[in-house]
Amino acid sequence: MAKISKTELIRLQKKFQTDALIGEQFGITRQAVHQLRKKYGIDSVIAKNEERNDDIVTLYKDGKSGTAIAKKYKLSVSQTYRIINDAVGGAPAAKKPAKKAAPAKKVAAPAKKVAAPAKKAAAPAKKAAAPAKKAAPAKKAAKKKK
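Predicted, not measured: the structure shown is a model, and the values here were computed from it. (Residues numbered from 1 in each chain as written. Predicted model: local features only at pLDDT ≥ 70, side-chain atom pairs only at ≥ 80, totals over all residues. Heavy atoms only, no water.)

With that settled, the discussion passes to the nonpolar core. By size, the foremost hydrophobic cluster in this structure holds eight residues: Ile4, Leu9, Leu12, Phe16, Ile22, Val33, Leu36 and Ile42. Going through the elements one at a time, helix H1 (6–16) and helix H3 (30–40) are the ones with two or more residues in this core. Broken down by element, the residue count for this core peaks at three residues, all from H1. Counting seven residues, the second-largest nonpolar core is a separate cluster that includes Ile56, Leu59, Tyr60 and Ile84. (Core = buried A, V, L, I, M, F, W, Y, C linked by side-chain atoms within 4.5 Å. Buried < 20%, exposed > 50% of the residue type's maximum accessible area, 1.4 Å probe, protein only. Helix = DSSP H or I, 4+ residues; strand = E, 2+ residues; numbered from the N terminus.)

Laid out in structure tokens, this is it:
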């Protein structure tokens with residue numbers, strides 16, 4: 001991991017704002033920068049954006065969809081709902097009711113057919129035992145002796 005001091009990370013965070021941009025400067029991933037922030041106890045700059053978060057919650061309460069809000073603020077949909085849920089107090093945000101579909105017609109289920117008990121088939125007849133192999137013909141043995 002890159003050697004970035006706490007004071008340097010705070011300075012970079014003010015300049016670049018995001019972990020991804022800081023990571024690009026040092027050739028490391030945004031996740032590595034995130035780990036450094038957590039190690040040093042530094043909060044994300046974006047998490048501190050209370051005015052933006054308040055606007056998101058207000059728009060959502062006014063009926064705007066989470067997807068539309070996410071596009072407006074260039075956030076992921078999940079991040080948008082996380083902000084909304086945090087503002088509500090941890091409870092998941094209530095989703096808008098889906099459009100009601102036309103009621104389905106009730107169709108009677110077809111009656112189940114009960115299978116008649118199967119007749120027992122007669123046991124197959126036992127096969128006769130195969131005849132034993134015949135011994136070698138005696139004629140061949142007799143010819144060999146002559």
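Every α-helix winds through 3.6 residues per turn, so residues three or four apart in the chain are directed the same way. Every buried residue of H3 is listed here: Ala32, Val33, Leu36 and Arg37. One side of H3 carries all its buried residues, which in axial view fall inside an arc of 145°. Against H1 and helix H2 (19–26) lie the buried residues of H3. Once H3 ends, the next one or two residues include Gly41, with phi positive near 75°. (Arc of directions from axis to C-beta. Contact = heavy atoms within 4.5 Å.)

As a further point, take the packing of H1 against H2. Two numbers describe how H1 lies on H2: the axes approach to 9 Å, and their chain directions differ by 115°. By crossing handedness, the relation of H1 to H2 is classed as right-handed. Together, Glu8, Leu9, Leu12, Gln13 and Phe16 of H1 and Leu21, Ile22, Gln25 and Phe26 of H2 make up the contact between the two elements. Of the residues assigned to the contact of H1 with H2, the class counts are six nonpolar, two polar and one charged. (Axes fitted to C-alpha atoms, helices over the stretch in contact; angles between N-to-C directions. Left-handed = near helix turned anticlockwise from the far one by under 90°. Nonpolar A, V, L, I, M, F, W, Y, C, P; charged D, E, K, R; others polar.)

Turning to the side chain of Thr80, a few remarks are in order. With respect to the helices and strands, the residue Thr80 is situated in helix H6 (residues 77–88). Given the relative accessible area of 0%, Thr80 is considered buried. Ignoring any residue separated from it by four or fewer positions in sequence, one finds Thr80 in contact with Ile56, Gly66, Ile69, Ala70 and Leu75.

Once that is clear, we can look at the packing of aromatic side chains. Scanning the model with the defined rule gives one aromatic pair in all. With a centroid separation of 5.9 Å and an interplanar angle of 80°, the aromatic rings of Tyr60 and Tyr81 are classed as edge-to-face. Placement of the pair is Tyr60 in helix H4 (residues 50–61) and Tyr81 in helix H6, with a sequence separation of 21 residues. Owing to a relative accessible area of 12%, Tyr60 belongs among the buried residues under this scheme. Under the relative-accessibility criterion, Tyr81 is labelled partly exposed at 24%. (Phe/Tyr/Trp six-rings, centres within 6.5 Å; stacked < 30°, edge-to-face > 60°.)

Going through the model one piece at a time under the given rule, you end up with two salt bridges. Asp19 is the salt-bridge partner of Arg37, the closest N and O atoms lying 3.0 Å from each other. You can see Arg37 sitting in helix H3 and its partner Asp19 sitting in helix H2, a full 18 residues away along the chain. Since its relative accessible area comes to 4%, Arg37 is described here as buried. Relative accessible area serves as the criterion here: at 15%, Asp19 is assigned to the buried category. (Salt bridge = Lys/Arg side-chain N within 4 Å of Asp/Glu carboxyl O.)

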